Amino acid sequence: MDFDMNAAWERTVELIKDNLQLLAIVSAVFLLLPSVTIYLFMPNMIELSDPGADPDVVMAQLQENLVPLITAGLLGMIVQFAGYGAMIALMGTKRPTVGEAIATGFKITPSAIGLFVVFLLSYFLGAMVAVIPLALIAGLLGAPALAGLAVIPVLLISVYVAARMSMSLPALVLEGTLNPVSATLRSYKLTHKKQWSILIFWVVLFALYMVIALLFSGGVGAIAALAGGGTVTALILGITNGVLGMVSGMIMCGLAVAIFQQLSGPDPDEVSSVFD
């Protein structure tokens, strides 16, 4: 199937509008609530998220709170995967209830973690292939600065792998493929021959998100600073970051479903129902 950017975006908007209330409930539980919790109960979270903070102070606080930060990050990732799985299920053709969608989200979470491991391994192997030749050439020429150019292919590899694996999570949820390797292969198959247009699409959207997020976070950060710290500031930062996560999560999941449906073609059950 061909990839149409405009059709994918229009379908995403349609999916979100049709399921907005249910998506809002799920994203509030899995994205907003964890954000507020982290800001309220994680030590020094306000200082760590302050872009104007002293880098040396931030580094010292990171080292001091490394274990709780890693623990919170891992727990947050697990909850986030479950939420994404539930939202993708809600926007699929099977029309599950909220409870069924949440159950699906938790069901695919171990497999989603497996996908993350597959991505890291793919990224690591690709990065090694890119870095080793440049490092050898830099050593032979006596130009260590040349090795610094490796950051460019490494970045490109990470973006490429992410684009090729972007259909893996929908494969887990919508096709019941709980094997992360099988889901990855399915994603690579679906994105074959459309990989560059899909990559450009995701990069443009990510760039737009970063611009909006920086402007939004900067404005909110200035408002939060007026609160003088403490619980009020933590609530402001937690809620605003959570809302940003809710909106971006719904859009990302909607795009994943829309692109997956476009690339995989009509659902067999949906097609058979036409003839029943």
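Our structure is the block above this text.
Residues numbered from 1 in each chain as written. Predicted model: local features only at pLDDT ≥ 70, side-chain atom pairs only at ≥ 80, totals over all residues. Heavy atoms only, no water.

**Let's talk about the environment of Gln 80**
Move 1: In this fold, Gln 80 is placed in helix α5 (residues 66-90).
Move 2: Put simply, Gln 80 and Thr 109 are 29 residues apart on the chain and 9.0 Å apart in space, counted from C-alpha to C-alpha. (Helix = DSSP H or I, 4+ residues; strand = E, 2+ residues; numbered from the N terminus.)

**A word on unusual backbone geometry**
Move 1: With phi around 50°, Arg 95 is a residue other than glycine that occupies positive phi space.
Move 2: Structurally, Arg 95 can be placed in the loop between α5 and α6 (98-141).
Move 3: Take Arg 95: its relative accessible area is 53%, and that puts it in the exposed class.
Move 4: If you check the backbone angles, Lys 193 has positive phi at about 75° while not being a glycine.
Move 5: Looking at the secondary structure, you find Lys 193 in the loop between α10 (180-191) and α11 (195-226).
Move 6: A residue is classified by how much of its surface remains accessible, and Lys 193, at 74% relative accessible area, is exposed. (Buried < 20%, exposed > 50% of the residue type's maximum accessible area, 1.4 Å probe, protein only.)

**Quick word on the packing of aromatic side chains**
Given two aromatic rings, their pairing is described by the distance between the two centres and the angle made by the two planes.
Move 1: Taken as a whole, this structure holds 5 aromatic pairs when the rule is applied.
Move 2: Between Phe 119 and Tyr 123, the aromatic rings sit 6.4 Å apart at their centres with planes inclined by 10°, giving stacked as the arrangement. Of the two residues, Phe 119 and Tyr 123 are both situated in helix α6; the distance of 4 residues between them amounts to about one turn of the helix.
Move 3: For Phe 119, a relative accessible area of 22% corresponds to the partly exposed category.
Move 4: Members of the aromatic cluster, connected to one another through ring pairs, are Phe 3, Phe 201 and Trp 202. (Phe/Tyr/Trp six-rings, centres within 6.5 Å; stacked < 30°, edge-to-face > 60°.)

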